[in-house]
Amino acid sequence: MNKPFLDYGDTVMYGLECSPSSWIRSHSHWGRHIVDFFLIVTQLGFCCVYFVFLADNFKQVIEAANGTTTNCHNNETVVLMPTMDSRLYMLAFLPFLVLLSFIRNLRILSIFSLLANVTMLVSLVTIYQFILQRIPDPHHLPLVASWKTYPLFFGTAVFAFEGIGVVLPLENKMKNSQKFPCILYLGMTIVTVLYISLGSLGYLQFGAAIKASITLNLPNCWLYQTVKLLYSIGIFFTYALQFYVAAEIMVPVIVSRVPEHCTLLVDLCVRTAMVCITCVLAILIPRLDLVLSLVGSMSSSALALIIPPLLEVTTFYEEGLSPLTIAKDVLISIFGFVGFVVGTYESLCELIFPSHSNTSTNSTSAFI
């Protein structure tokens, strides 16, 4: 195509133009619209998760302020001082996140990204240091969760690993893009090891009643209260990065339809409205585990599991794809579609008719 750069939406659109079906070729632009829609849902879903995470952690830190001790070796239960509802904490964060969303320079956002990475790394090391100490006898723990939690787990796992929207931009920015597969495999291996180890050790340390975010299970001592605050700071700054992707898709479309002298005002208004939408959705669904699973099942599975295999078949079918490759792509897409339907259904059912057991939160015990 003689294009120096293609993002995910462009790739789908140009791939569909290579389809043997004339109908698909004439409607290839819909491929880009579908990808953009799911990207917006996914990125704004991440932002909703961040609202819930910030509110839950700050609420716990403030409620336990009077019970915070210097003894970090015992995970003692303290009497929490009731404060505001977590939804009010979300509203308190809203103006600050609106101001953060006004930053449109990716170079400035990269500074916040560095700060977020540092705070999260320090917090992560401290969390590992705690959960590796004096692990209780695991014999009383259930070895396998109820089968009803597997759809919720599917959504959470896809949410955790999905980052396909940045794959092509990263590859295109590399000086030697041929080395990108090695970087991708190395990065995903590190992430997988972190998720499995933290999830397993966290479950062994805190038991079946583990809360949806591992930080909420830490003792109420000054060190681990600081960890919660540090992690919250990292999540706060990461919000702007996740928001940037959705804003880059939506804002230009709307701004292009207004007079030039109004562009800045409309730009800021659209960004403010988008942040307010994520806040409202987080207030309506204040359960971290359900937000994670719903976003992962509904949009992340489409971006990561359904669209890419179908795109490969559509693009290269006339070049003689082997039956094994076609079968592989079809199976991956079917797996993603089943997860999409069942995971979304179970998340919505749990949202509308919540069960009062703790089984659903176990599926997200490793979220950090």
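This report concerns the structure included in the present document.

Parameters at a glance
Residues numbered from 1 in each chain as written. Predicted model: local features only at pLDDT ≥ 70, side-chain atom pairs only at ≥ 80, totals over all residues. Heavy atoms only, no water. Helix = DSSP H or I, 4+ residues; strand = E, 2+ residues; numbered from the N terminus. Rg over C-alpha atoms; globule rule 2.2 N^0.38 Å. Buried < 20%, exposed > 50% of the residue type's maximum accessible area, 1.4 Å probe, protein only. Areas by Shrake-Rupley, 256 points an atom, 1.4 Å probe, with all protein chains shown as cover. Contact = heavy atoms within 4.5 Å. Axes fitted to C-alpha atoms, helices over the stretch in contact; angles between N-to-C directions. Parallel < 35°, antiparallel > 145°, perpendicular 65-115°, else oblique. Left-handed = near helix turned anticlockwise from the far one by under 90°. Nonpolar A, V, L, I, M, F, W, Y, C, P; charged D, E, K, R; others polar. Phe/Tyr/Trp six-rings, centres within 6.5 Å; stacked < 30°, edge-to-face > 60°. Salt bridge = Lys/Arg side-chain N within 4 Å of Asp/Glu carboxyl O. Patch = residues over 30% accessible without salt bridge, like charges linked within 9 Å, V, L, I, M, F, W, Y side chains within 5 Å.

### Some points on the overall build of the protein chain
- Broken down by element type, the protein chain carries 13 helices and 0 strands.
- Secondary structure elements of the protein chain occur, N-terminal to C-terminal, as α-α-α-α-α-α-α-α-α-α-α-α-α.
- The C-alpha radius of gyration computed for the protein chain amounts to 22 Å, which stays within 12% of the reference 21 Å derived for 368 residues, consistent with globular compactness.
- The C-alpha extent of the protein chain, read off along each of the three principal axes, is 65 × 55 × 45 Å.
- A burial count over the protein chain gives 43% of its 368 residues as buried.
- Carbon and sulfur atoms make up 71% of the accessible area of the protein chain, which amounts to about 19,500 Å² in all.

### So, the side chain of Ser 123
- By the element assignment, Ser 123 lies in helix H5 (residues 106-131).
- Here Ser 123 falls in the buried class, since its relative accessible area comes to 0%.
- The residues touching Ser 123, leaving out its near neighbours within four places in the chain, are Val 227, Leu 230 and Tyr 231.

### Here's the deal with the packing of helix H3 (residues 29-63) against helix H9 (residues 222-255)
- Here H3 crosses H9 at 160°, and the two axes come no closer than 9 Å. Considering the angle they form, H3 stands roughly antiparallel to H9. The two elements H3 and H9 meet at a crossing, and its hand is left-handed.
- Broken down by class, the residue content of the contact of H3 with H9 amounts to 21 nonpolar, 7 polar and 2 charged.

### Thoughts on the packing of aromatic side chains
- Tallied over the entire structure, the rule returns 13 aromatic pairs.
- Consider the rings of Phe 58 and Phe 93, whose centres lie 5.0 Å apart with planes at 75°: the pair is edge-to-face. Taken together, the positions of Phe 58 in helix H3 and Phe 93 in helix H4 (residues 86-101) put the pair 35 residues apart, joining distant regions of the chain.
- Judged by its relative accessible area of 24%, Phe 58 is partly exposed.
- Exposure remark for Phe 93: the relative accessible area of 13% places this residue in the buried category.
- Aromatic side chains Phe 130 and Tyr 224 sit 5.0 Å apart centroid to centroid with 65° between the ring planes, which places their arrangement in the edge-to-face category. Placement of the pair is Phe 130 in helix H5 and Tyr 224 in helix H9, with a sequence separation of 94 residues. For the pair Phe 130 and Tyr 224, one class covers both residues: buried.
- Counting every residue linked through ring pairs, the aromatic cluster contains Phe 51, Tyr 239 and Phe 243.

### Some words on the pattern of salt bridges
- In the structure shown here, the tally under the stated rule is 11 salt bridges.
- The partner of Asp 85 in a salt bridge is Arg 87, with the nearest N and O atoms 3.2 Å apart.
- Exposure remark for Arg 87: the relative accessible area of 34% places this residue in the partly exposed category.
- Close ionic contact of Lys 328 with Asp 329 constitutes a salt bridge, the shortest N to O distance being 3.0 Å.
- One network of salt bridges, in which partners are shared, links Asp 7, Asp 10, Arg 32 and Asp 36.

### Some points on a nonpolar patch on the surface
- Taken together, the side chains of Val 330, Ile 334, Phe 337, Val 338, Val 341 and Val 342 present a nonpolar region at the surface, about 480 Å² in accessible area.
- Within the secondary structure, Val 342 is located in helix H12 (residues 323-352).
- Val 342 gets classed as partly exposed once you look at its relative accessible area, which sits at 36%.

### Describing the side chain of Thr 156
- Structurally, Thr 156 is set in helix H6 (residues 150-161).
- You can call Thr 156 buried: its relative accessible area is 10%.

Read these as geometric descriptors, not functional statements.
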